[in-house]
Amino acid sequence: MDFGIFSKVYKQYTLKEAFYKIKEHGLKTVQFNFTNVGLSSLPTAIEQQILEQIKEVIDKTGIKISVISGTFNTLELDESKHEMNMKGFSEVVRAAAELRVPFVSISTGSFNQEDFWSPHPDNHTEKAWEYLYRSLDEMLPVAEAQNVVIIIEPEQANVVSTAEDIIKLFEHYGNTKYLRVLFDAANIVTVDDTGHLKEKIKKALKQIGKYTVIAHCKDCIVSGERIEFAPVGKGNLPLNSYLKELKKYYGGPVIMHGLAETDVKYALDYLQNGREE
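Conventions and cut-offs
- Residues numbered from 1 in each chain as written.
- Predicted model: local features only at pLDDT ≥ 70, side-chain atom pairs only at ≥ 80, totals over all residues.
- Heavy atoms only, no water.
- Axes fitted to C-alpha atoms, helices over the stretch in contact; angles between N-to-C directions.
- Helix = DSSP H or I, 4+ residues; strand = E, 2+ residues; numbered from the N terminus.
- Parallel < 35°, antiparallel > 145°, perpendicular 65-115°, else oblique.
- Left-handed = near helix turned anticlockwise from the far one by under 90°.
- Contact = heavy atoms within 4.5 Å.
- Nonpolar A, V, L, I, M, F, W, Y, C, P; charged D, E, K, R; others polar.
- Pairing = 2+ DSSP bridges.
- Buried < 20%, exposed > 50% of the residue type's maximum accessible area, 1.4 Å probe, protein only.
- Right-handed = clockwise from strand over helix to strand, strands pointing away.
- Salt bridge = Lys/Arg side-chain N within 4 Å of Asp/Glu carboxyl O.

Participant: What's the story with the packing of helix α4 (residues 126-146) against helix α5 (residues 163-172) in this structure? I'm lost.
Facilitator: Two packed helices can be described by the angle between their axes and the distance between those axes. At a minimum axis distance of 12 Å, the contact between α4 and α5 shows a crossing angle of 50°. By the angle class used here, α4 and α5 are oblique. Handedness of the crossing formed by α4 with α5: right-handed. Residue-level contacts link Glu126, Trp129, Leu132, Tyr133 and Leu136 of α4 to Asp165, Lys168, Leu169 and His172 of α5. Split by residue class, the contact of α4 with α5 holds five nonpolar, one polar and three charged.

Participant: I would appreciate a short explanation of the sheet that holds strand β2 (residues 29-32) in the present structure.
Facilitator: Paired through their backbone hydrogen bonds, the strands of a sheet run either parallel or antiparallel. Around the barrel, which closes on itself, the eight strands sit in the order β1-β2-β3-β4-β5-β6-β7-β10 with parallel pairing between neighbours. Averaged over all pairs of adjacent strands, the angle between strand axes in this sheet comes to 30°, irrespective of strand direction. Alignment of strand β5 (residues 149-152) against strand β6 (residues 179-184), held across three bridges, turns out to be parallel. In the strand pairing of β6, Ile150 is matched with Leu179. Of the strands in this sheet, β4 (103-106), β5 and β6 touch α4, which is tilted by about 135° from β5.

Participant: Where do I start with the pairing of β4 in this structure?
Facilitator: Along any regular strand, the residues point their side chains to alternate faces of the sheet. By the alternation rule, side chains of β4 split into Phe103 and Ser105 and Val104 and Ile106, which are all buried. This β-α-β element, strand β3 (residues 64-69) to helix α3 (residues 79-98) to β4, shows right-handed connectivity. As paired strands, β4 and β5 are joined by four bridges and run parallel to one another. Residue pairing for β5: Ile106 is matched across the bridge by Ile152. Chirality of the crossover, the property in question, places the unit of β4, α4 and β5 among those that are right-handed.

Participant: It is not clear to me how the pattern of salt bridges should be interpreted in this structure. Could you clarify?
Facilitator: Close approach of charged atoms allows side chains with opposite charge to pair. The full count for this structure, using the stated rule, is 14 salt bridges. Where Glu52 meets Lys55, a salt bridge forms, and the shortest distance between an N and an O atom there is 3.5 Å. Taken together, the residues span about one helical turn, with Glu52 and Lys55 both in helix α2 (residues 48-61) at a distance of three residues. Taking the relative accessible area as the measure of exposure, Glu52 reaches 38% and is therefore partly exposed. Of the charged contacts in the structure, one is a salt bridge between Glu79 and Arg134, with a shortest N-O distance of 2.8 Å. Of this pair, Glu79 sits in helix α3 while Arg134 sits in helix α4, and the two are 55 residues apart along the sequence. A cluster of three or more residues bridged by salt bridges with shared partners is formed by Glu52, Lys55, Glu91, Arg94 and Glu98.

Below is the structure:
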């Protein structure tokens, strides 16, 4: 298992500077975001010179891009914005194929039109699933044509929030190989799991670990009232127990996020030395 990090943690630098700083930490891979080359996260046009620049930096630094972020609100209600999102998604998938990156990550969306990472009371209704299916019906043929896999992360504020939701989604699409899981323990647990975090993570991995092709590692402080995200090693999520359980199903990169550049050294020490909360 190699540790990696979100490239956005270093977005204040040029791409070359960012990747060398990542390398200095001993990290080998990133989840890439196009903000690192001065574009939006979901650009509708990516010039060839930008792709050549990314290839050159990869060659010089040896840092691998394991997955590219292609997130947007799949429950977008404005039709013109929906069409723009689909254009951007197609462009990111095309870029992923040219960069030989096998995965593009997406959000499963929220009816909260201001912030699709925020909850909405209708996110777990059949109407929400219909909107999600509508988007994926357009997205899957795009991904398949480029031989790129769409990866979905269960997220409490989005339509797909549980392992059971993943299974429902995969059954709907006949378990297509172009739809797989991005697993993040911090997004699986809820306030109801206080005191039983290890059990909840273990159960979820047993259900969907076999579908996991990318894993995230972020931390949080879980109480009976709320969940607050925290830098890796500074919350109360049982991260080392999570990684130990994860290894039963998955051997790929573990991408850290939800932390600042100044937190990286501490996070790696915490994880690599197997310190348990």
